[in-house]
Amino acid sequence: MSEDFRTSYESNGYAVVPGVAPAPMVQHFLAIVCAQLNQRPDAYMSAPRVNAKPAYEYYSYRHHTTMGLHWGLTSRMVDLTGKRLAPSYAFFRVYQKGDVCTVHSDRESCEHSLSMPLGYCDDIVWPFEIGERRYEFEDACELQKADDFGDESSKEVMLNPGDAILYQGCNYRHGRTIPNPNRWSAHLFLHWVDLDGPFKEWAFDRQQFPPMGDFKFPETVSQQ
C-alpha cells in the first residue's frame, strides 16, 4: 500500500487512509473526551475561527490522551509518506449543526495533516473538501479565508469515524463548505512536519517541555 499511497499523496496533495483508528478505539476515545468536556464546558468553548459558530475545542497540549494518540500514530505516517516526520500538534473540535469550515490553508506546523472524524451525532457523513491546486506556502499565506473555492476545482472526500485524509495543509486549501447536517460532529486534526524539510523547526510546535528528570525512589522502596 505504501508506494501507491505515496504516489497519490505526492501527486495529488492528499490521500485517504481508511480505518486509521479502529472503531472501538474511536468510540472509547470520544467517550473519554466527552466526559471531560462536559465537566467544564465553559473551559473548552471557543469563539469561531475558521468555523462559523462557537465550538468545543482544545489543543493536545491540554489533553495528554490526545497527545498520546497523536504521537502513537507517527510511525504509521512515517511509513505511509516515506518521510522522517515529527509531530507538531493536534487539535480537537466539535462543530454544531449548520456550521461550516471556511476554505483556508494552514500554518507551518501543518506540513502534513491528518483530518479524522470521531463521531457524527446523527450518523450523517459531513464531506471534507480539498482544492486541486498546489500553492507555494508564501502564496497560500496571501490568500484570504473564503466561503468556497471560487474557480478552483476541488474534491469531496467522505470519511466515516476512524477514517482519515492525509493532506499537505500548508499547500492545499481545504474546508467544509456544506453546512454540517448533524446536531454535532467531533473531529481530530493531527499535524506533523518533515525533519528534513523547510518547517523542521516547528517539530512539537516549538513547545517547551520540561527537561528530562531523574527517577528517585523513596528510601523505604529502595531497601526492599
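Residues numbered from 1 in each chain as written. Predicted model: local features only at pLDDT ≥ 70, side-chain atom pairs only at ≥ 80, totals over all residues. Heavy atoms only, no water.

### Some points on the pattern of salt bridges
Then step 1. One pass over the full model with this rule turns up nine salt bridges.
Then step 2. For E57, the salt bridge identified is with R49, shortest N-O distance 2.6 Å.
Then step 3. For E57, a relative accessible area of 2% translates into the label buried.
Then step 4. You can call R49 partly exposed: its relative accessible area is 41%. (Salt bridge = Lys/Arg side-chain N within 4 Å of Asp/Glu carboxyl O. Buried < 20%, exposed > 50% of the residue type's maximum accessible area, 1.4 Å probe, protein only.)

### What to know about the layout of surface pockets
Then step 1. Size it by volume and the largest pocket reaches roughly 520 Å³.
Then step 2. In terms of lining residues, the largest pocket is bounded by 26 residues, among which V50, Y89, H104, S105 and D106 are the most central.
Then step 3. Residue assignment for the lining of the largest pocket shows that the elements contributing at least two residues are β4 (85-96), β5 (101-104), β10 (174-176) and β11 (184-194).
Then step 4. Counting residues per element, the lining of the largest pocket draws most heavily on β4, which supplies four residues.
Then step 5. For the lining of the largest pocket, the residue count by class is 13 nonpolar, six polar and seven charged. (1 Å grid on protein atoms, 1.4 Å probe; cavity = no way out; pocket = protein on both sides within 12 Å on 5 of 7 lines; lining within 4 Å. Points joined across faces, edges and corners; volume = space filled by probe spheres on them. Helix = DSSP H or I, 4+ residues; strand = E, 2+ residues; numbered from the N terminus. Nonpolar A, V, L, I, M, F, W, Y, C, P; charged D, E, K, R; others polar.)

### Examining the sheet that holds strand β7 (residues 128-131)
Then step 1. Taking strand neighbours across the sheet as the criterion, the four strands line up as β5-β10-β7-β8 in an open arrangement whose pairing is antiparallel. Lying at the two open borders of the sheet, with one neighbouring strand each, are β5 and β8 (154-157). Neighbouring strand axes in the sheet, compared pairwise and without regard to direction, differ in orientation by 25° on average.
Then step 2. Bridge count for β7 against β10 is two bridges, and the pairing is antiparallel. In the strand pairing of β10, I130 is matched with H174. (Pairing = 2+ DSSP bridges. Axes fitted to C-alpha atoms, helices over the stretch in contact; angles between N-to-C directions.)

### Looking at unusual backbone geometry
Then step 1. One non-glycine residue with positive phi stands out, namely D123, at about 60°.
Then step 2. Residue classification places D123 among the exposed positions, given a relative accessible area of 70%.
Then step 3. In the Ramachandran plot, F204 falls in the positive-phi region, its phi being about 60° despite a non-glycine side chain.
Then step 4. Positionally, F204 belongs in the loop between β11 and α7 (219-222).

### Describing empty space enclosed by the protein
Then step 1. Enumeration over the complete set of coordinates arrives at one cavity of 30 Å³ or more.
Then step 2. Around the largest cavity, the lining residues are S60, Y61, M67, H70, W71, S88, Y89, A90, F204 and F209.
Then step 3. Secondary-structure elements contributing two or more residues to the lining of the largest cavity are α4 (64-72) and β4.
Then step 4. By residue class, the composition of the lining of the largest cavity is seven nonpolar, three polar and no charged.

### Topic: the packing of aromatic side chains
Then step 1. Tallied over the full model, the rule gives 12 aromatic pairs.
Then step 2. Measuring from centroid to centroid gives 5.0 Å for Y58 and F92, while their planes differ by 20°, and the two rings are stacked. With Y58 in strand β3 (residues 55-59) and F92 in strand β4, the pair connects residues that are 34 residues apart, well separated along the chain.
Then step 3. Accessibility expressed as a relative area gives 1% for F92, which makes it buried. (Phe/Tyr/Trp six-rings, centres within 6.5 Å; stacked < 30°, edge-to-face > 60°.)

### Examining the pairing of β11
Then step 1. Buried residues dominate β11, accounting for 10 of its 11 residues.
Then step 2. Pairing between β4 and β11: 10 bridges, direction antiparallel. From the neighbouring strand, A90 faces β11, where its bridge partner is L190.
Then step 3. In terms of strand pairing, strand β6 (residues 112-120) meets β11 through eight bridges, oriented antiparallel. In the strand pairing of β11, Y120 is matched with S185.

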